[in-house]
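# Descriptive structure summary
Next come the chains, spelled out residue by residue.
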Amino acid sequence: MATATDTVTTVEAPAPLAAKPIMTHKQIMLVIYGLMSGMFLSSLAQTVFGTAIRTIGDDLHGLDQQAWVTTAFLITSTIAVPIYGKLSDIFGRRPLFILGIVIFILGSTLSAFSTSMMMLAAFRAFQGIGAGALMALPLAIMGDILAPRERAKYQGYFFAVFGIATVIGPLVGGLFAGAKEILWIDGWRWTFLINIPLGLFALFMVITFLHLPKVGKHHGPRIDWWGATAVIVALVPLLIVVEQGRAWGWDSVASIACYVIGGIGLVAFIVIEALMKDDAIIPLKLFRSGTFSMATVLGFLVGFAMFGAMMTIPLYMQIVVGMNPTESGLSMLPLIVGLMIASLASGQLTARTGKYRIFPVLGTLFTAVGFFSLTLIRYETPLWQIFVGMFVLGLGLGQLMQPLTLASQNSVDPHEMGVASSAATFFRQIGGTLGTAVMLSVLFSMLPANILHATEDKANLSAALDAALDPATSSKAENAAIMKQQWSAIVDPLTENIQAQLDKGVAEGDTKAKAAAGDAVTSAVTAGVNQAVAAGQLPAEAAPAVIAQKVAEATPAAEAAAHQKVLTAVAEKAHASVQGDTVAVDWADHDQRTYWVDQLVPTLQDEIKKKENDASGSGSGTAVNDTSFLTGADAALSKPFMIGFIQGLVTLYWVGFGVILLAFVLTWFFKVPPLRARSALQEQADKAGMTETGSIRTHKA
């Protein structure tokens, strides 16, 4: 039996006059079953993980490090995509698809037992090596076995699988993330463990059904290992500095080293690819095609905006809206429904008309409108408005993926289908990886200053301080975490300082009042005694002793009365209450609390403003590595955090809008080739014929 790497020494055969289809409908469907199982595994793994990331970050105390977990997966999967694509052109799609699933299963297993966010990032990186095959090869295989206009007849199956995975994934992920333990294992760890049985099933389906006609190959294929190495050297340092730049400083020695290494790797990659010519991972000759080049640029821009911004929607739903992971997963349905409707509609229209240039234009337009609607999010924005924006965003994205891939595949020769498909996916993934890293890095870099800015607002600060000072609110169990995290450090010094001032006021008042009371008692007693002496009622020589005695007897009562007057006077002046032998603010009393909030807010605003300037200038701030303190917290206490978080998201959505707007402009210059009437494998078979063993002939190099 010939394999993809068998040497087939043949005499070039003329193409038959009437080419016989190399694959029947039944054979095509069996291949699609295998592809769908791999796609289901990949789609479900991503959607399950996406809704659980907040729980994972909180449990491992590293929510602000989630960009590492996400970008580590994207880095390795992105780098692996062109390697799989090129190797599959040489060795065949099936063995590499199987290898990818095996690596993916192992990576999932290791990820499930991570004990820190950085460990999880490392194992997710390994998992991404396998995911690269699941991303790159299905598109190439579909291009091999189906003519472009025929794909709409079959893509319904893929979108059904994608839709099921997208709907089930968030539910499953939410259930896992919401469960404390399942079979004595932390619930969130099952978001990875579930990939084991699913992966084994996908492996069985692929081994059983994914069989393609073999293509004979000539001796001595060159594998572009140097190019693969250069890709790693170029991408990894640049992506690392995107994540760590805010901590290191963008002009620090470490950051500059990453820039230099990444630049050297990029130059080396271009030189190596030029030298490798057709054997390059990404042959540079592909970019001679204006269609391929423009599709690559558009794919990069779409990936940058889409991946980075979409990672934040589940976070918004959980942190701001207060949804649990399951609910946040369901909240993504408007986007998914819009995506599926647009994908199916554009596919059917493409199949019937053979025209598809309009879809990149409309797709970027709808996506830009969707992003613009998300920039209008505010703290009071109703949920339905966000859902409408997500639906429009889905309508746009659903019109972009297939047409851009079709254009890339139709701009190259059939034997380059694998490298063209993987290159298109590669650059889209690079855009997504950079988008995710940049946007999440910017979000968490801006968050401390944004929170301070929102807290500085008089209305927000007054409401939050009033709630924090109110025992009825601050003593609630559900507010204990947020009080400890944010408000106790502010409130405790304030109340202590106020009480110290009241105590000082009482003490100073007592000193003066006691002196005055003593003088008054002495004066009154002396006058009375002198009167008695003058009346002959008391000997003059006894007067001093009598005065001293009577003064001693009367002074305590006079001082006590004076003390009470002092307490009352201080309490009235300070809008406080006399509590026993002291004056204290009754924080449960609305009027007293309101008075002190009004007095304290201006001073606090000045202090917060100074901290905000310091945070903005240094780019540093309090790390946000656990947001569980927001769960169930009083709205007044959490509102400054929420507003700060929303302000960061809005900035990201403006970036996404700008990137997609650029893509929209470029689509007007996008010329697409006509769709082929035959599949890539059929074209090769028609051109070269078949061997006696059933392999497609190839010309000798």
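Because the structure is predicted, anything quoted here is derived from the model rather than measured. (Residues numbered from 1 in each chain as written. Predicted model: local features only at pLDDT ≥ 70, side-chain atom pairs only at ≥ 80, totals over all residues. Heavy atoms only, no water.)

### What to know about the overall build of the chain
For the chain, the helix and strand inventory stands at 24 helices and four strands. Of the contacts made within the chain by residues no fewer than 6 positions apart, 82% connect residues no fewer than 24 positions apart. Carbon together with sulfur atoms contributes 66% to the accessible area of the chain, which is approximately 30000 Å² in total. (Helix = DSSP H or I, 4+ residues; strand = E, 2+ residues; numbered from the N terminus. Contact = heavy atoms within 4.5 Å. Areas by Shrake-Rupley, 256 points an atom, 1.4 Å probe, with all protein chains shown as cover.)

### Description of the pattern of salt bridges
Applying the stated rule across the entire model yields three salt bridges. When the shortest N-O distance is used, the salt bridge between aspartate 466 and arginine 593 registers 2.9 Å. Of the two residues, aspartate 466 is situated in helix α18 (residues 458–469) and arginine 593 in helix α22 (residues 590–618); the sequence distance between them amounts to 127 residues. Between arginine 593 and aspartate 470 there is a salt bridge, with its nearest N and O atoms 3.8 Å apart. (Salt bridge = Lys/Arg side-chain N within 4 Å of Asp/Glu carboxyl O.)

### Re the side chain of serine 408
Relative to the helices and strands, serine 408 resides in helix α16 (residues 401–410). Residue contacts for serine 408: discarding those within four places in its chain leaves Phe292, Ala295, Ala420 and Ala424.

### Considerations on the packing of aromatic side chains
In total, this model carries eight aromatic pairs according to the counting rule given. Seen in terms of ring centroids, phenylalanine 287 and phenylalanine 292 are 5.3 Å apart; in terms of plane orientation they differ by 80 degrees. Their pairing is edge-to-face. A centroid spacing of 5.9 Å and a plane angle of 80 degrees characterise the contact between phenylalanine 372 and tryptophan 654, whose relative ring orientation is edge-to-face. Within this pair, whereas phenylalanine 372 is found in helix α14 (residues 358–374), its partner tryptophan 654 is found in helix α23 (residues 635–667), the two being separated by 282 residues in sequence. Overall, the relative accessible area of 37% leaves phenylalanine 372 in the partly exposed class. Accessibility expressed as a relative area gives 42% for tryptophan 654, which makes it partly exposed. Clustering of aromatic rings is evident, with ring pairs tying together Phe287, Phe292 and Phe427. One residue, arginine 124, lies across the ring of phenylalanine 73, its end atom 4.2 Å from the ring centre. (Phe/Tyr/Trp six-rings, centres within 6.5 Å; stacked < 30°, edge-to-face > 60°. Buried < 20%, exposed > 50% of the residue type's maximum accessible area, 1.4 Å probe, protein only. Lys NZ or Arg CZ within 6 Å of the ring centre and 35° of its normal.)

### Considering the packing of helix α11 (residues 312–319) against α23
Two elements in contact, α11 and α23, have axes separated by 11 Å at closest approach and are oriented at 160 degrees. As summarised for this structure, α11 and α23 are arranged roughly antiparallel, according to the angle between their axes. Considering how the two elements wind past one another, α11 and α23 form a crossing that is left-handed. Contact with α11, carried on its side by Thr312, Ile313, Leu315, Tyr316 and Ile319, involves Phe641, Met642, Phe645, Ile646, Leu649, Leu652 and Tyr653 of α23 and no other residues of that element. Of the residues that constitute the contact of α11 with α23, the class distribution is 11 nonpolar, one polar and no charged. (Axes fitted to C-alpha atoms, helices over the stretch in contact; angles between N-to-C directions. Parallel < 35°, antiparallel > 145°, perpendicular 65-115°, else oblique. Left-handed = near helix turned anticlockwise from the far one by under 90°. Nonpolar A, V, L, I, M, F, W, Y, C, P; charged D, E, K, R; others polar.)

### Looking at unusual backbone geometry
In this structure, histidine 575 is a non-glycine residue whose phi angle is positive, near 55 degrees. Within the fold, histidine 575 resides in the loop between α21 (543–574) and β3 (577–579).

### So, α14
Taking 1.5 Å per residue, 17 residues should reach 24 Å; α14 reaches 25 Å between its end C-alpha atoms and fits that length. Within α14, the full set of buried residues consists of Phe359, Pro360, Val361, Gly363, Thr364, Thr367, Ala368, Gly370, Phe371 and Leu374. (Expected span 1.5 Å × (residues − 1).)

### Focus on the packing of α11 against helix α15 (residues 383–397)
For the pair α11 and α15, interaxial distance at closest approach is 13 Å and the crossing angle is 170 degrees. When the interaxial angle is binned, α11 and α15 end up roughly antiparallel. Between α11, through Ile313, Tyr316 and Met317, and α15, the contact on the second element is made entirely by Leu383, Ile386, Phe387 and Met390. Grouping the amino acids of the contact of α11 with α15 by side-chain chemistry returns seven nonpolar, no polar and no charged.

### Some words on α11
For an α-helix the count is 3.6 residues per turn, leaving residues at separations of three or four pointing the same way. Within α11, eight of the eight residues are buried, leaving the element largely enclosed by the surrounding structure. Those residues of α11 that sit buried are Thr312, Ile313, Pro314, Leu315, Tyr316, Met317, Gln318 and Ile319.

### Digging into the nonpolar core
With 89 residues, the main nonpolar core has Leu465 and Phe645 as its most contacted residues. Broken down by element, the residue count for this core peaks at 13 residues, all from α23. Each residue touching leucine 465, except ones within four places of it in the same chain, is listed here: Val491, Leu494, Val597, Leu600, Val601 and Leu604. Core analysis: the next-biggest nonpolar cluster, separate from the first, contains 59 residues, Ile79, Ala228, Phe269 and Ala280 among them. (Core = buried A, V, L, I, M, F, W, Y, C linked by side-chain atoms within 4.5 Å.)

### Details of the environment of phenylalanine 657
Tracing the chain through its elements places phenylalanine 657 in helix α23. Note: C-alpha distance between phenylalanine 657 and serine 373 (284 residues apart in sequence) is 9.5 Å. When neighbours within four sequence positions are excluded, phenylalanine 657 is seen to be in contact with Ala368, Phe371 and Phe372.

### A look at a nonpolar patch on the surface
On the surface, Leu238, Trp250, Ile256, Tyr259, Val260 and Ile264 cluster together into a nonpolar patch covering about 550 Å² of accessible area. Looking at which element gives the most residues to the nonpolar patch, the answer is helix α9 (residues 253–276), with four residues. Note on placement: valine 260 falls in helix α9. (Patch = residues over 30% accessible without salt bridge, like charges linked within 9 Å, V, L, I, M, F, W, Y side chains within 5 Å.)

### Some points on the confidence of the model for the chain
Per-chain confidence: the chain averages 79 in pLDDT, with 84% of residues scoring 70 or above. For the chain, helix α24 (residues 680–688) is the element with the lowest average pLDDT, namely 63, and α14 is the one with the highest, namely 93. Overall, residues 617–623 carries pLDDT values under 50, and its contacts beyond four positions in sequence, including any with other chains, amount to five contacts. (pLDDT = per-residue confidence, 0-100.)

### Concerning the side chain of glutamate 273
Among the secondary structure elements, glutamate 273 is positioned in helix α9. What makes glutamate 273 buried here is its relative accessible area of 1%. Only 2.9 Å separates the side chain of glutamate 273 from the backbone nitrogen of isoleucine 282, close enough to count as a polar contact. Excluding anything up to four places from it in sequence, glutamate 273 contacts Asp224, Gly227, Ala280, Ile281, Ile282 and Leu284. (Polar contact = N/O pair within 3.5 Å; in protein donor to acceptor, adjacent residues only side chain to side chain.)

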